[in-house]
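Observations on chain architecture
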Protein chains: 2
Amino acid sequence: MTRQQLIDNIRRKQSFLCVGLDTDLRKVPAHLLNEDDPIFAFNRAIIDATAPYTIAYKPNLAFYECYGLKGWQAFERTVSYIRENYPDQFIIADAKRGDIGNTSAMYARCFFEDIDVDALTVAPYMGEDSVTPFLQYPGKWVILLALTSNKGSHDFQLTEDAQGERLFEKVLRKSQQWVEGGQSSNGEIVKSSNGEIVKSSNGEIVKSSNKMMYVVGATQGELFRDIRKVAPNHFLLVPGVGAQGGSLEDVCRWGMTPDCGLIVNSSRGIIYADSTERFAEVAAAKARELQQQMALQL
Amino acid sequence: MTRQQLIDNIRRKQSFLCVGLDTDLRKVPAHLLNEDDPIFAFNRAIIDATAPYTIAYKPNLAFYECYGLKGWQAFERTVSYIRENYPDQFIIADAKRGDIGNTSAMYARCFFEDIDVDALTVAPYMGEDSVTPFLQYPGKWVILLALTSNKGSHDFQLTEDAQGERLFEKVLRKSQQWVEGGQSSNGEIVKSSNGEIVKSSNGEIVKSSNKMMYVVGATQGELFRDIRKVAPNHFLLVPGVGAQGGSLEDVCRWGMTPDCGLIVNSSRGIIYADSTERFAEVAAAKARELQQQMALQL
């Protein structure tokens, strides 16, 4: 999916809501456990109910891996189901992968060729050559961790270097230079008119905001302003609205751009809002509530 | 496996060699592709041939995930095979996982309960609450990324803060305080006689060097001295000897401790040393070469 297609979907549906499919068999309604594939049955019901209100889905691999083969099968089925029935949905595999170059290339092949999701969350700790293999797929997105939603974000991400630049700012700044647009891999780094760092080679502009997004937790509040100073135009994946306590209004106030620029995720607040046979219709109601709040912000 | 058991295995076998099972069907000998489960067939042959010379095996999940269900199956079979036939081998799942607390807990359950490996590589970027769920399993180890073997390690890991402490040093230092030993979770932080940071509560010493190891790339050379200043006693997982160009001698000179304290990994240099039907016996020869060099260092 291109950036423009994503923006068009957001405008058309008046929503930037992503539902996190963190499916845990200890929490799903009991009647589903009789199904052959309870994980997929749960996901399908949630997707069918919420799709009118969402523009993205985000299965987190931890919740599938822990069920071994059956889990991996349910994950693949879920992605196929969305592709076949809701082709305008942006599918994010939340896996936080990253390794040395040739190994990252294997992960990239898995998620971008075999399973064919739109985007993959990637961890930045190992630096450029651990991330660039994921950037080799036209139409596919890397969502790099920047400032995460959890308390532990304070351990390293806010550490200032001798010049006062915090680690998350360094991640945002440096990573924009890693984007290769095919032939423009060794282009000159320039700033575009809106302050975004781009590469220019032979006059061709390569924008990392067409390839790369960043994870910024909703709980980070005013720090969104600092994010926007370094990444004025990039889409941000924003978890933590709902169960983790982040405020949608604050996120929009400090993080929204003319193109929206936000994908806000809610998982437990929607998918586990009800644990009876009404779970899907309650999930739909919760999703609609959030979508209506989002429509006011757009 | 306890630290003492690992040390005993190293002394008995005069080896601290780990073979990385980065099994790629595009590289394995062609005759194996006729097998029902070529990945497992390759792994089994490599394990049988090299086990006399190794004390650990390290499958990297990227190489299994990319084969979907069949890959996950081969990974599980490989771990079971080692457990059943070579119970003194230390099994490391190289997955570099890490997420918010409840999600890390799912990953931990998967790898430490369902699949039952001895150790898991974990990424530190998201801080304490993303790592502590992995520390809740007696006898299981967390191997935290510290200073990795790849070129991108220079992007963030060497960044100095205003006091001159580099990010990898901060990871080493802070993480030692995260280790909980059951009841000693809120103990006082003290230094033991060899400089190691430990927790003491009601007189009970909890050593992170019994729960935690760190990844330090063989390519990092003299930086091992700086690692040892902050982590004098911890085991280090050392990839990058072989294909990535690291030197075993340098690693031992600057990284070895009285308890050895090193697990040195080689993957491509052993498992792809030969691509004919002799692949396993050549792998054995390469492993034996490395083990003999290691015996001289111990």
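The rules behind these values
Residues numbered from 1 in each chain as written. Chains lettered and ligands numbered in written order. Predicted model: local features only at pLDDT ≥ 70, side-chain atom pairs only at ≥ 80, totals over all residues. Heavy atoms only, no water. Buried < 20%, exposed > 50% of the residue type's maximum accessible area, 1.4 Å probe, protein only. Helix = DSSP H or I, 4+ residues; strand = E, 2+ residues; numbered from the N terminus. Pairing = 2+ DSSP bridges. Right-handed = clockwise from strand over helix to strand, strands pointing away. Axes fitted to C-alpha atoms, helices over the stretch in contact; angles between N-to-C directions. Contact = heavy atoms within 4.5 Å. Buried area = accessible area lost by both parts, 1.4 Å probe. Salt bridge = Lys/Arg side-chain N within 4 Å of Asp/Glu carboxyl O. Polar contact = N/O pair within 3.5 Å; in protein donor to acceptor, adjacent residues only side chain to side chain. Nonpolar A, V, L, I, M, F, W, Y, C, P; charged D, E, K, R; others polar. Parallel < 35°, antiparallel > 145°, perpendicular 65-115°, else oblique. Left-handed = near helix turned anticlockwise from the far one by under 90°. Disulfide = S-S within 2.5 Å. Least-squares fit on C-alpha atoms with pLDDT ≥ 70 in both. Core = buried A, V, L, I, M, F, W, Y, C linked by side-chain atoms within 4.5 Å. Expected span 1.5 Å × (residues − 1). pLDDT = per-residue confidence, 0-100. Phe/Tyr/Trp six-rings, centres within 6.5 Å; stacked < 30°, edge-to-face > 60°. Lys NZ or Arg CZ within 6 Å of the ring centre and 35° of its normal.

Side note on the pairing of strand β1 (residues 17-21) of chain A
Residue and element names in this part refer to chain A. For β1, the tally of buried residues reaches 5 of 5 residues, placing the bulk of the element in the interior. Here β1 shows two buried faces, one formed by Leu-17, Val-19 and Leu-21 and the other by Cys-18 and Gly-20. Both β1 and strand β11 (residues 262-266) contribute to a ladder of 3 bridges, which runs parallel. Pairing of Cys-18 across the sheet is with Asn-265, part of β11. The sheet contact formed by β1 and strand β2 (residues 56-59) spans 4 bridges and is parallel. When the bridges of β2 are listed, Leu-21 appears paired with Pro-59. As a crossover connection, the stretch from β1 through helix α2 (residues 38-50) into β2 is right-handed.

Some points on the sheet that holds strand β2 (residues 56-59) of chain B
Residue and element names in this part refer to chain B. The 8 strands are arranged β1-β2-β3-β4-β5-β9-β10-β11 in a closed barrel whose pairing can be described as parallel. The average angle at which neighbouring strand axes cross in this sheet is 30°, direction not considered. The strands touched by helix α2 (residues 38-50) within the sheet are β1 (17-21) and β2, with β1 carrying the most contacts at an inclination of about 170°.

Brief notes about the environment of Leu248(B)
Residue and element names in this part refer to chain B. With respect to the helices, strands and loops of the structure, Leu-248 is situated in helix α10 (residues 248-255). The exposure class assigned to Leu-248 is buried, which follows from its relative accessible area of 8%. In sequence terms Leu-248 and Thr-121 are 127 residues apart; their C-alpha atoms lie 21 Å from each other.

Description of the interface of chain A and chain B
The interface is formed by 60 residues belonging to chain A together with 60 residues belonging to chain B. Of the roughly 5100 Å² buried where chain A meets chain B, counting both sides, 59% is carbon and sulfur surface. The largest contributions to the chain A side of the interface with chain B come from Met106(A), Tyr125(A) and Phe156(A), which together make up 18% of the buried area. Where chain A meets chain B, there are 6 salt bridges. A salt bridge links Asp99(B) to Lys96(A); the shortest N-O distance between them is 3.0 Å. Run the count over chain A and chain B and you get 24 residue pairs in polar contact (both at pLDDT 80 or more). Ranked by the residues each element gives to the side of chain A that touches chain B, the list is headed by helix α5 (residues 101-114) of chain A, at 8 residues. The class makeup of the residues in the side of chain A that touches chain B is 24 nonpolar, 17 polar and 19 charged.

Some remarks on the packing of helix α9 (residues 223-230) of chain B against α10(B)
Residues and elements named next belong to chain B. One can describe the packing of α9 onto α10 by two numbers: an axis separation of 8 Å at closest approach and a directional angle of 30°. Comparing their axes, α10 and α9 come out roughly parallel. By crossing handedness, the relation of α9 to α10 is classed as right-handed. For the pair α9 and α10, contact is made by Phe-224, Arg-225 and Arg-228 and by Val-251, Trp-254 and Gly-255, respectively.

Describing the pattern of salt bridges
Residue and element names in this part refer to chain A. This model, assessed by the stated rule, comprises 46 salt bridges over all chains. One salt bridge connects Lys-140 with Asp-116, and the closest N-O pair in it is separated by 2.6 Å. In this pair, Lys-140 is assigned in the loop between α6 (128-131) and β5 (141-147) and Asp-116 in the loop between α5 and β4 (119-122), connecting sequence segments 24 residues apart. Judged by relative accessible area, Lys-140 falls into the buried class, the value being 11%.

Regarding the state of the cysteines
For the structure on display, the rule yields 0 disulfides over all chains. With no disulfide of its own, Cys110(A) lies closest to Cys66(B) among cysteine sulfurs, the gap being 6.3 Å. Overall, Cys110(A) belongs to the buried group, its relative accessible area being 1%. Of the residues examined, Cys66(B) reaches a relative accessible area of 5% and is grouped as buried.

Quick word on the relation of the copies chain A and chain B
Superposition of chain A onto chain B requires a rotation of 180° combined with a translation of 0.0 Å along the rotation axis, giving an RMSD of 0.0 Å. In the structure described here, the two chain copies are related by an operation that fits a two-fold rotation axis. When the interface residues of chain A are mapped onto chain B, 100% of them are again interface residues, pointing to one common binding face.

Quick word on the nonpolar core
Ranked by internal contacts, the top residues of the largest apolar core, which has 214 residues, are Phe90(A), Phe111(A), Ile263(A), Phe90(B), Phe111(B) and Ile263(B). For Phe90(B), the residues in contact, after removing those within four places along its chain, are Met1(B), Leu6(B), Ile55(B), Ala56(B), Tyr57(B), Asp118(B), Ala119(B), Trp141(B), Met213(B) and Ile263(B).

A short note on α5(A)
Owing to its 3.6 residues per turn, the α-helix aligns residues three or four sequence positions apart on the same side. Residue and element names in this part refer to chain A. The end-to-end C-alpha distance of α5 is 19 Å, a good match for the 20 Å that 14 residues give at a rise of 1.5 Å each. Among the residues making up α5, those that are buried are Thr-103, Ser-104, Met-106, Tyr-107, Ala-108, Arg-109, Cys-110, Phe-111 and Phe-112. Asp-116 occupies a position one or two residues after α5 and carries a positive phi of about 65°.

Some remarks on the sheet that holds β4(A)
Residues and elements named next belong to chain A. Pairing is parallel in the closed barrel, where 8 strands are placed in the order β1-β2-β3-β4-β5-β9-β10-β11. Averaged over all pairs of adjacent strands, the angle between their axes in this sheet comes to 30°, without regard to strand direction. By the bridge criterion, 3 bridges tie strand β3 (residues 90-97) to β4 in an arrangement that is parallel. Bridge assignment links Arg-97 to a residue of β4, and that residue is Val-122.

Examining the confidence of the model for chain A
All names here are of chain A. Across chain A, pLDDT averages 92, with 91% of residues at or above 70. Confidence drops under pLDDT 50 across residues 181-185; counting only partners more than four residues distant or on other chains, this segment forms 9 contacts. Interface predicted TM-score (ipTM) for the complex: 0.92; the corresponding pTM is 0.94.

As for the packing of aromatic side chains
Per the stated rule, a full pass over the model turns up 21 aromatic pairs over all chains. Ring centres of Phe75(A) and Phe111(A) lie 6.5 Å apart, and the angle between their planes is 65°; on these two criteria the pair is classed as edge-to-face. Taken as a pair, Phe75(A) in helix α4 (residues 68-85) and Phe111(A) in helix α5 lie far apart in primary sequence, 36 residues in all. There is no split in this pair, since Phe75(A) and Phe111(A) are both buried. On the numbers, 6.1 Å between centres and 55° between planes, the contact of Trp178(A) with Phe156(B) is tilted. Taken together, the residues span two chains, with Trp178(A) in the loop between α8 (167-176) and β6 (188-191) and Phe156(B) in helix α7 (residues 153-156). Phe156(B) shares its class with Trp178(A); the two are buried. Here the guanidinium or amino end of Arg253(A) rests over the ring plane of Trp254(A), the centre of that ring lying 5.3 Å away.

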